[in-house]
Amino acid sequence: MKARRLMGCCVAFLIVTAAGCARHFSLGPFAQMDYGRSIAPGKQAFQRGDNEKSVDQFKKLKEKQGINYPLYLLFLGRAYMASGDFFDAQKSFLAAEKTLDETLTGAETGINLVVSDPQKIYRGRPEDGIMAHYSNALCFVKDRDYENAIIELKKSLLADKGKKAEQDADFSPVHYLMGISYGEMGLFDDALVALRSVTRCNPECAYGWYEAAKLARAQKNEDEYKRCIDKFRSLCPDSCLNSAPGKDGREEFVILLDCGYLGPPLSGMAGSFKKRKGSYAEKYARVYIDGVCAGRTYQLGDVGYQASTAGGRLMGKVARKVIGTVARQGLSLASFGASGMLTGGGEADMRFWETLPGEIHLFMGVAPPGLHTIRLDFFDYKDRPLERYQQVWHFINLTKGEMPILFMRSVSDIHNQNKKS
């Protein structure tokens, strides 16, 4: 009994230590070099804004399948989204979700990590499930299929298990899309609950307060409306949202802006508590409608923080499962350390969804129905302009009675873009 208890403590210690390795397993130096070379053309095309080439490159990789097949599907889905093809993006994300049904936050996968061949198909990191369902939901929202969007958003929340209980389901973009979807379905109570989650998880995002104020007014809750609208105005005094929508002939629209790129996984015990922040310059963007400043973007979600805090609390459950596996299969504890699987030794698996953004920003504005030109001027963390990041989008069509959601991302040197219908 004492020996079993001692063995259990040792396994638990090794697994908790391995938790900081972002669920690494040995992939082998040559396999990782081949993987890096294979995705380089598509990733580089994506990062410089050549969306069509990025789609072509990742389609070729998807057809080859292999152990990186789930990642290729995720890369391809993001490339389709960037190109404006949300239908094919949905198909890629749905296919990826099917292959990521056993994520590395689950206990059974923790056992597979220990006892299986490390040269195996990519099963995902904790943020993959969260972001795949969120991305799929965004495609449904773009298609105005709000019921299916809600289903995907709920799956994203279920996948969002943090290292601490208060970090569960704390990704604001999911709650925001849920609030929008419930509101469009006329389920105002549910919508208000979702938008209150936005203001709870990210109280500095001004537009979460604005959306909550709109719903409070629709419910004739004037006290809640005043509380939310005052908070919005204090955070965003220069916004063009200075009148109730529809009363002056203007229509609302939304920009969801991806900024930067998610940083790579961090190794070691201490790494699991550090934010996975990519190296990017942009902090926010000011938005101009037909040459007039309409306000600025605010961070809605920090993907780096989300990836750093996801999937931690289930490791104790993994440890208990592994202890049973050791006892049943007669595996030796020494073999775990020798393999480097639990301790992160050898060549750690550094594969991850590299085209995810570092942050997701939100902008809300109003303009008369018709065609408009929208310009985005980006600024760094010292509020200095990033001139090479400026974007100009022509022929943005606002239709009466609709609230379009525009999906954009920060890319340098793509100055004059024509928005595809």
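Heads up: the structure comes first, above all this text.
From a predicted model like this one, the values you see are computed outputs, not experimental measurements. (Residues numbered from 1 in each chain as written. Predicted model: local features only at pLDDT ≥ 70, side-chain atom pairs only at ≥ 80, totals over all residues. Heavy atoms only, no water.)

(A) Looking closely at the nonpolar core. By size, the foremost hydrophobic cluster in this structure holds 104 residues, and its most contacted members are Y176, Y207, F232, I255, L256 and W353. In terms of residues, this core owes the most to one element, helix α4 (residues 69–83), which gives 11 residues. Dropping the residues within four chain positions of it, W353 is found in contact with L71, L74, F75, R78, F93, Y122, D128, M131, A132, S135 and L262. (Core = buried A, V, L, I, M, F, W, Y, C linked by side-chain atoms within 4.5 Å. Buried < 20%, exposed > 50% of the residue type's maximum accessible area, 1.4 Å probe, protein only. Helix = DSSP H or I, 4+ residues; strand = E, 2+ residues; numbered from the N terminus. Contact = heavy atoms within 4.5 Å.)

(B) Broad picture of helix α7 (residues 126–142). Across its 17 residues, α7 extends 25 Å between first and last C-alpha, which sits within 8% of the 24 Å expected from 1.5 Å per residue. Of all 17 residues in α7, 16 are buried; the element is thus mostly enclosed. Once α7 finishes, R144 follows within two positions and takes phi at roughly 60°, a positive value. (Expected span 1.5 Å × (residues − 1).)

(C) Up close: the pairing of strand β1 (residues 251–259). Counted residue by residue, β1 has nine buried out of nine residues, so it is predominantly covered. The alternating pattern of β1 places E251, F253, I255, L257 and C259 on one face and E252, V254, L256 and D258 on the opposite face, and all of these are buried. Strand direction decides the pairing type here: β1 and strand β5 (residues 359–367), joined by nine bridges, are antiparallel. Paired with E251 across the two strands is A367, which belongs to β5. (Pairing = 2+ DSSP bridges.)

(D) Structural detail: the sheet that holds β1. A sheet is described by the order of its strands in space; here four strands give the open sequence β4-β5-β1-β8, paired in mixed fashion. Strands with a single pairing partner mark the edges of an open sheet, and in this sheet they are β4 (298–302) and β8 (405–409). Taking the axes of each pair of neighbouring strands and ignoring which way they run, one obtains an average angle of 25° across the sheet. (Axes fitted to C-alpha atoms, helices over the stretch in contact; angles between N-to-C directions.)

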